[in-house]
Amino acid sequence: MSQAKMEDIISLCKRRGFIYQGSDVYGGLSGTWDYGPLGVQLKRNIMNLWWRRFVDERDDMYGVDAAILMNQKVWQASGHVDTFVDPLCEDTVNHRRYRTDHILKDNGVDTDGMTMEQMDAVIAEQGIKSPDGNPLSKSRTFNMMFKTHVGATESEDSISYLRPETAQGIFTDFKNVVDSFYPNLPFGIAQQGKAFRNEIAPRDFVFRSREFEQMEIEYFVDPEHWQEAFDELLAATHEFLAELGLKPEHIHELDVPAEDRAHYSKKTIDIEYDYPIGREELMGIAYRTDFDLMNIQRASGKSMEYTVKGTNTKFVPHVIEPSFGVERALMAVLSGAYREDEQNGEKRVYLALPEHLAPVKFAVSPLLKNKPELVEKAREVYAALTKANPGRVMWDDNGNIGKRYRRQDEIGTPYCVVIDFQTLEDGTVTVRERDTTEQRRVKVEEL
Ligand code: ATP
């Protein structure tokens with residue numbers, strides 16, 4: 001897919017009420033996005049499916065919803081205060097700031113495993129300039145956490161951060177969940193919610209945002225059995241991605257080599273997807289050993305040990321972490337579903353969304369909106385369908401039928417239901433299918 005395609009998707013998202021620039025009316029706020037009525041439904045459908053598969057349908061998973069603002073000790077112990085940084089360099093003429101690794105990547109240099117000093121050396125050797133053609137400064141580190149203060153007095157003690165990941169809320173609640181439920185190992189704690197990163201250069205639509213949403217699991221295991229848990233969660237991840245309608249040929253596993261992994265991780269697989277912007281990370285799954293719980297144990301002075309039921313065996317569990325970004329899943333869904341074809345000599349744009357994800361499942365309309373008997377019957381069908389599919393049925397009587405079909409195609413509605421004069425005679429309606437554009441007559445009860 002070309003860059004133009006990404007622009008087509010962005011423009012469709014805005015035009016049809018999926019995603020708008022955040023604070024649009026005031027000229028926007030870079031890296032923030034607002035979900036419109038269709039976007040919020042699509043996003044919820046993705047998040048609810050994930051919750052159903054990874055939490056509700058499993059008896060080894062526990063859900064939590066931790067606070068976004070946490071005690072600053074959380075981020076000191078986790079290492080985020082010291083090391084959650086990106087390398088930043090500056091155009092020495094206009095002072096625009098860039099992520100050094102992105103500048104190098106855009107110039108065809110693979111920066112995996114490189115230190116900041118090595119990146120600066122490559123920039124100097126190759127004479128790489130800023131996108132405006134000016135010399136670049138030496139790099140420095142930039143911490144991506146948004147800092148704030150809690151309470152009316154600002155001091156060192158009142159510092160807090162908007163969480164840059166949901167994972168630490170899970171680790172912080174590990175002991176509470178064990179005390180309340182005492183689950184058998186292995187078990188997982190899952191959380192969905194907002195995360196905030198002050199990205200130096202947000203870009204590529206929602207792919208790299210400053211405020212986004214994550215769906216994360218910390219799956220606690222006996223270190224002897226980490227591999228089985230890792231394999232099972234990886235397989236469940238692939239099943240979930242298939243249910244999002246993503247084609248297997250667009251999904252790639254990157255087994256991250258040791259030199260590119262966090263020092264505590266014994267194995268990390270990044271799932272990459274062929275986005276219109278290129279192959280990029282959709283989610284990651286990492287074996288994080290006991291790094292996080294040990295940090296908490298050290299910093300809090302509270303034991304994070306788990307006692308195996310009916311024994312005296314105690315240890316700090318190890319953890320497998322599948323970490324999904326909602327926006328990146330949503331962008332994969334949208335770009336995988338975007339289609340253009342020709343119908344009766346006219347270009348048509350449609351979203352071939354899986355039925356269970358489409359924000360609108362049925363659009364209902366009377367063939368002619370100035371015929372009260374058709375409108376009345378159509379309202380009846382609309383009410384019955386809405387009862388069975390709350391929030392997923394749209395009333396659409398704007399413009400002629402052809403225009404309604406085009407509009408519904410663009411938002412990915414699988415079925416357009418039209419009530420016409422024959423409906424009044426035999427109780428059948430026309431159901432027009434999005435992908436094939438075929439029309440069938442179906443009895444109202446069969447809908
Ligand atoms: P990247 O290297 O692309 O910045 P990351 O490796 O820092 O990502 P993680 O810290 O592993 O990302 O976060 C887990 C997941 O959260 C990512 O796989 C991605 O889906 C999502 N994510 C991370 N940063 C962003 C962002 N700025 N905007 C949207 N989603 C994000």
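Residues numbered from 1 in each chain as written. Predicted model: local features only at pLDDT ≥ 70, side-chain atom pairs only at ≥ 80, totals over all residues. Heavy atoms only, no water.

As recorded in an unreviewed UniProt entry, the chain goes by the name glycine--tRNA ligase, listed as coming from Candidatus Nanosynbacter featherlites. According to the UniProt record, the Sequence similarities (unreviewed entry) comment for the chain is "Belongs to the class-II aminoacyl-tRNA synthetase family." (UniProt positions renumbered as here; feature names shortened; annotations may be inferred.)

Tell me about the overall build of the chain, and please be specific about residues and values.
Assigned secondary structure in the chain consists of 14 helices and 24 strands. Seen along its three principal axes, the alpha-carbon backbone of the chain occupies a region of about 75 × 65 × 50 Å. Residues classed as buried in the chain amount to 51% of the 447 residues present. Pairs at least 24 apart in sequence give 65% of the contacts found in the chain among residues at least 6 apart. Summed over all atoms, the accessible surface of the chain reaches about 21400 Å², with 48% contributed by carbon and sulfur. (Helix = DSSP H or I, 4+ residues; strand = E, 2+ residues; numbered from the N terminus. Buried < 20%, exposed > 50% of the residue type's maximum accessible area, 1.4 Å probe, protein only. Contact = heavy atoms within 4.5 Å. Areas by Shrake-Rupley, 256 points an atom, 1.4 Å probe, with all protein chains shown as cover.)

Explain the layout of surface pockets to me, using residue names and the numbers behind them.
One number sums up the size of the second largest pocket: a volume of about 310 Å³. In terms of lining, the second largest pocket is formed by 13 residues, of which the most central are Val74, Thr172, Ile296, Ser300 and Met304. Those elements giving two or more residues to the lining of the second largest pocket turn out to be helix 3 (72–77), helix 7 (167–172), helix 8 (174–181) and helix 10 (291–300). Looking at side-chain class alone, the lining of the second largest pocket contains seven nonpolar, three polar and three charged residues. (1 Å grid on protein atoms, 1.4 Å probe; cavity = no way out; pocket = protein on both sides within 12 Å on 5 of 7 lines; lining within 4 Å. Points joined across faces, edges and corners; volume = space filled by probe spheres on them. Nonpolar A, V, L, I, M, F, W, Y, C, P; charged D, E, K, R; others polar.)

Explain the site of the ligand to me, and be specific about the residues and the numbers.
Around the ligand, the structure places 14 residues, and the nearest of them are Glu199, Arg208, Ser209, Glu281 and Leu282. With respect to the ligand, the backbone of serine 209 contributes an N or O atom lying 2.9 Å from a nitrogen atom. Separating an oxygen atom of the ligand from a side-chain N or O atom of glutamate 281 is a distance of 2.7 Å. Protein coverage of the free-state accessible area of the ligand, which is 590 Å², stands at 79%. When contributions to the shell around the ligand are tallied by element, the ones reaching two or more residues are strand 11 (211–221), strand 14 (278–287) and strand 17 (318–325). (Near = heavy atom within 4 Å. Polar contact = N/O pair within 3.5 Å; in protein donor to acceptor, adjacent residues only side chain to side chain.)

Go over the side chain of arginine 210, please, and point to the residues and values.
Residue placement: arginine 210 occurs in the loop between strand 10 (187–196) and strand 11. Leave out the neighbours within four places in its chain, and arginine 210 touches Ser30, Gly31, Phe146, Ala195, Phe196, Arg197, Asn198, Glu199, Ile200 and Pro202.

Kindly report on the sheet that holds strand 12 (residues 251–255), identifying the contributing residues and their values.
The sheet built from seven strands is open, its strands ordered 3-10-11-17-14-13-12 with mixed pairing. The outermost strands of the open sheet, each flanked by one partner alone, are strand 3 (61–63) and strand 12. Strand after strand, the sheet turns through a mean of 25° between neighbouring axes, direction not considered. In terms of strand pairing, strand 12 meets strand 13 (residues 267–275) through five bridges, oriented antiparallel. (Pairing = 2+ DSSP bridges. Axes fitted to C-alpha atoms, helices over the stretch in contact; angles between N-to-C directions.)

How would you explain the domain arrangement of the chain if you had to name every residue and give the values?
Per the domain assignment, the segments of the chain are domain 1 (3–70 + 163–334) and domain 2 (360–446). Contact with domain 1, which involves seven residues of that partner, is made by seven residues of domain 2. Both faces combined, the contact of domain 1 with domain 2 buries some 580 Å², and carbon together with sulfur accounts for 54% of it. Area buried by domain 1 at its contact with domain 2 is led by Arg16, Leu38 and Gln41, which between them contribute 63% of it. At the junction of domain 1 and domain 2, the tally comes to two salt bridges. With its nearest N and O atoms 2.7 Å apart, the salt bridge here joins arginine 16 to glutamate 410. Applying the counting criterion to the domain 1 and domain 2 interface returns two residue pairs in polar contact (both at pLDDT 80 or more). (Domains from an automatic or database assignment. Buried area = accessible area lost by both parts, 1.4 Å probe. Salt bridge = Lys/Arg side-chain N within 4 Å of Asp/Glu carboxyl O.)

Can you tell me about the nonpolar core, naming the residues and giving the values?
With 61 residues, the main nonpolar core has Ile46, Phe240, Leu244 and Ile320 as its most contacted residues. Filtering out sequence-adjacent residues up to four positions away, isoleucine 46 remains in contact with Met215, Phe240, Leu244, Ala329, Leu330, Val333 and Leu357. (Core = buried A, V, L, I, M, F, W, Y, C linked by side-chain atoms within 4.5 Å.)

Explain the pattern of salt bridges to me, using residue names and the numbers behind them.
Across all of its chains, the model carries 32 salt bridges by this definition. A salt bridge links aspartate 24 to lysine 14; the shortest N-O distance between them is 3.3 Å. Pair noted here: aspartate 24 is in the loop between strand 1 (19–21) and strand 2 (33–35) and lysine 14 is in helix 1 (residues 3–15), with a separation of 10 residues, a long-range link. Residue classification places lysine 14 among the partly exposed positions, given a relative accessible area of 45%. Taking the shortest distance from any N to any O, the salt bridge between arginine 53 and glutamate 243 comes out at 2.5 Å. Linking arginine 53 in helix 2 (residues 37–56) with glutamate 243 in helix 9 (residues 226–243), this pair joins segments that are 190 residues apart in sequence. Judged by relative accessible area, which is 28%, arginine 53 ranks as partly exposed.

Could you give me a rundown of the UniProt feature "domain: Aminoacyl-transfer RNA synthetases class-II family profile" (unreviewed entry) in the chain, with the residues and numbers involved?
The sites that UniProt annotates as "domain: Aminoacyl-transfer RNA synthetases class-II family profile" (unreviewed entry) are residues 8–354. Helix makes up 32% of residues 8–354 and strand 29%. Its end C-alpha atoms lie 20 Å apart.

Go over the packing of helix 2 against helix 9, please, and point to the residues and values.
At a minimum axis separation of 11 Å, helix 2 and helix 9 run at an interaxial angle of 145°. For helix 2 against helix 9, the interelement crossing comes out right-handed. Counted together, Ile46, Leu49, Trp50, Arg53 and Phe54 of helix 2 and Ala236, Thr237, Phe240 and Glu243 of helix 9 form the full contact between these two elements. Along the lines of polarity and charge, the residues of the contact of helix 2 with helix 9 split into six nonpolar, one polar and two charged. (Left-handed = near helix turned anticlockwise from the far one by under 90°.)

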